Amino acid sequence: MAQASQEAKRELTQLLIDDINDNKTIKDIIADTKDMSAKSNIPEHEVIGLIWSTVMSLAEWNKKEELVAEQALKHLRSYTQLFEAFTSTDRSEMALLLKVQEFCYENMHFMKAFSKIVLLFYKTEVVTEDSILKWYKEGHSNKGKMHFLEQMRKFIEWLQNAEEETESEEED
């Protein structure tokens, strides 16, 4: 069964690559991906990881760290609908946040881009405030943990303050 699962994931990754290279619309890519993942019984939290890896592997990344964050945001912005279509559960949102963290950790040029990518995904409703807070408090990976937590600190404080203001408004 594990072998069949690996083969299905390889086929899904190839489908994504082909669809993107064929310049299919995001709607068509989503439909093809949902179709194949359903047929192959690949859970959403695994599909989102495959989407992240595939989308990130298709770009030719700049070697200059100061340019890579901007390039990554521009690249990812064109796929936010695709990511959003596969983050309908807390588990898949968390899986995506961990994939982003691991990617940024393993690709040193992306170390400073982490918070910007998370912010992009937050603004485009790919990941929710709850998932970001959960990642920050307990769900993060140990890979570059202190670096990424520090990078996210101001944004987390902002989220928590916004949450407190909403709660006090509701009480009035």
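Before reading on, note that the structure itself is shown above.
The structure reproduced in this document is the subject of the present report. All figures in this text were calculated on a predicted structure; none of them were measured in a lab.

**Remarks on the overall build of the chain**
Here comes step 1: The secondary structure content of the chain amounts to nine helices and zero strands.
Here comes step 2: Starting at the N terminus and walking to the C terminus, you meet the elements of the chain as α-α-α-α-α-α-α-α-α.
Here comes step 3: Counting only C-alpha atoms, the chain reaches 50 × 40 × 30 Å along its principal axes.
Here comes step 4: A total of 172 residues make up the chain; the buried ones form 42% of that total.
Here comes step 5: A sequence separation of at least 24 residues applies to 71% of the contacts in the chain between residues at least 6 apart.
Here comes step 6: Side-chain charges of the chain comprise 21 positive and 33 negative groups, with the mean position of each set lying 7 Å from the other.

**Quick look at helix H2 (residues 26–39)**
Here comes step 1: With 14 residues, H2 should reach 20 Å at 1.5 Å per residue; the first-to-last C-alpha distance of 20 Å fits that figure.
Here comes step 2: Turning to H2, its buried residues number three or more, namely Ile26, Ile29, Ile30, Thr33 and Ser37. Take H2 and look down its axis: the buried residues cluster within an arc of 100 degrees, on one side only. Those residues of H2 that are exposed and aimed more than 90 degrees away from the buried face are Lys27, Ala38 and Lys39.
Here comes step 3: After H2 finishes, the residue Asn41 shows a positive phi value of roughly 60 degrees.

**Overview of the environment of Ile48**
Here comes step 1: Mapped onto the elements, Ile48 comes out in helix H3 (residues 44–57).
Here comes step 2: For Ile48 and Ala95, which are 47 residues apart along the polypeptide, the C-alpha to C-alpha distance reads 7.3 Å.
Here comes step 3: Residues within four places of Ile48 in sequence aside, it is in contact with Phe83, Phe86, Thr87, Ser92, Ala95 and Leu96.

**Focus on helix H4 (residues 65–77)**
Here comes step 1: Spanning 13 residues, H4 covers 19 Å between terminal C-alpha atoms, matching the ideal 18 Å at 1.5 Å per step.
Here comes step 2: Residues of H4 that are buried include every one of Val68, Ala69, Ala72, Leu73, His75 and Leu76, and no others. Relative to the axis of H4, the buried residues are bounded by an arc of 165 degrees and lie together on one face. For H4, the exposed residues lying more than 90 degrees away from the buried face are Glu66, Glu70 and Lys74.
Here comes step 3: Buried-residue contacts for H4 involve H3, helix H5 (80–85) and helix H7 (114–123).

**Details of the pattern of salt bridges**
Here comes step 1: Going through the model one piece at a time under the given rule, you end up with eight salt bridges.
Here comes step 2: The residue Glu46 makes a salt bridge to Lys9 at a minimum N-O spacing of 2.8 Å. On the criterion of sequence distance, the pair formed by Glu46 in helix H3 and Lys9 in helix H1 (residues 2–21) is long-range, its members being 37 residues apart.
Here comes step 3: When its relative accessible area of 28% is taken as the criterion, Glu46 is described as partly exposed.
Here comes step 4: By relative accessible area, which is 18% here, Lys9 ends up buried.
Here comes step 5: Where Asp19 meets Lys24, a salt bridge forms, and the shortest distance between an N and an O atom there is 3.4 Å.
Here comes step 6: Given the relative accessible area of 3%, Asp19 is considered buried.
Here comes step 7: One network of salt bridges, in which partners are shared, links Asp19, Lys24 and Asp32.

**Comments concerning the packing of H3 against helix H6 (residues 90–106)**
Here comes step 1: Remark: H3 packs on H6, axes separated minimally by 8 Å, with the N-to-C direction vectors making an angle of 30 degrees. Regarding H3 and H6, the two cross each other, and that crossing is right-handed. In this structure, H3 contributes Glu44, His45, Ile48, Gly49, Trp52 and Met56 to the contact, and H6 contributes Arg91, Ser92, Ala95, Leu96, Lys99, Val100 and Phe103.
Here comes step 2: When grouped by side-chain class, the residues that make up the contact of H3 with H6 number seven nonpolar, three polar and three charged.

Rules used in this analysis
Residues numbered from 1 in each chain as written. Predicted model: local features only at pLDDT ≥ 70, side-chain atom pairs only at ≥ 80, totals over all residues. Heavy atoms only, no water. Helix = DSSP H or I, 4+ residues; strand = E, 2+ residues; numbered from the N terminus. Buried < 20%, exposed > 50% of the residue type's maximum accessible area, 1.4 Å probe, protein only. Contact = heavy atoms within 4.5 Å. Lys, Arg positive; Asp, Glu negative; His and termini not counted. Charge placed at Lys NZ, Arg CZ, Asp CG, Glu CD. Expected span 1.5 Å × (residues − 1). Arc of directions from axis to C-beta. Salt bridge = Lys/Arg side-chain N within 4 Å of Asp/Glu carboxyl O. Axes fitted to C-alpha atoms, helices over the stretch in contact; angles between N-to-C directions. Left-handed = near helix turned anticlockwise from the far one by under 90°. Nonpolar A, V, L, I, M, F, W, Y, C, P; charged D, E, K, R; others polar.

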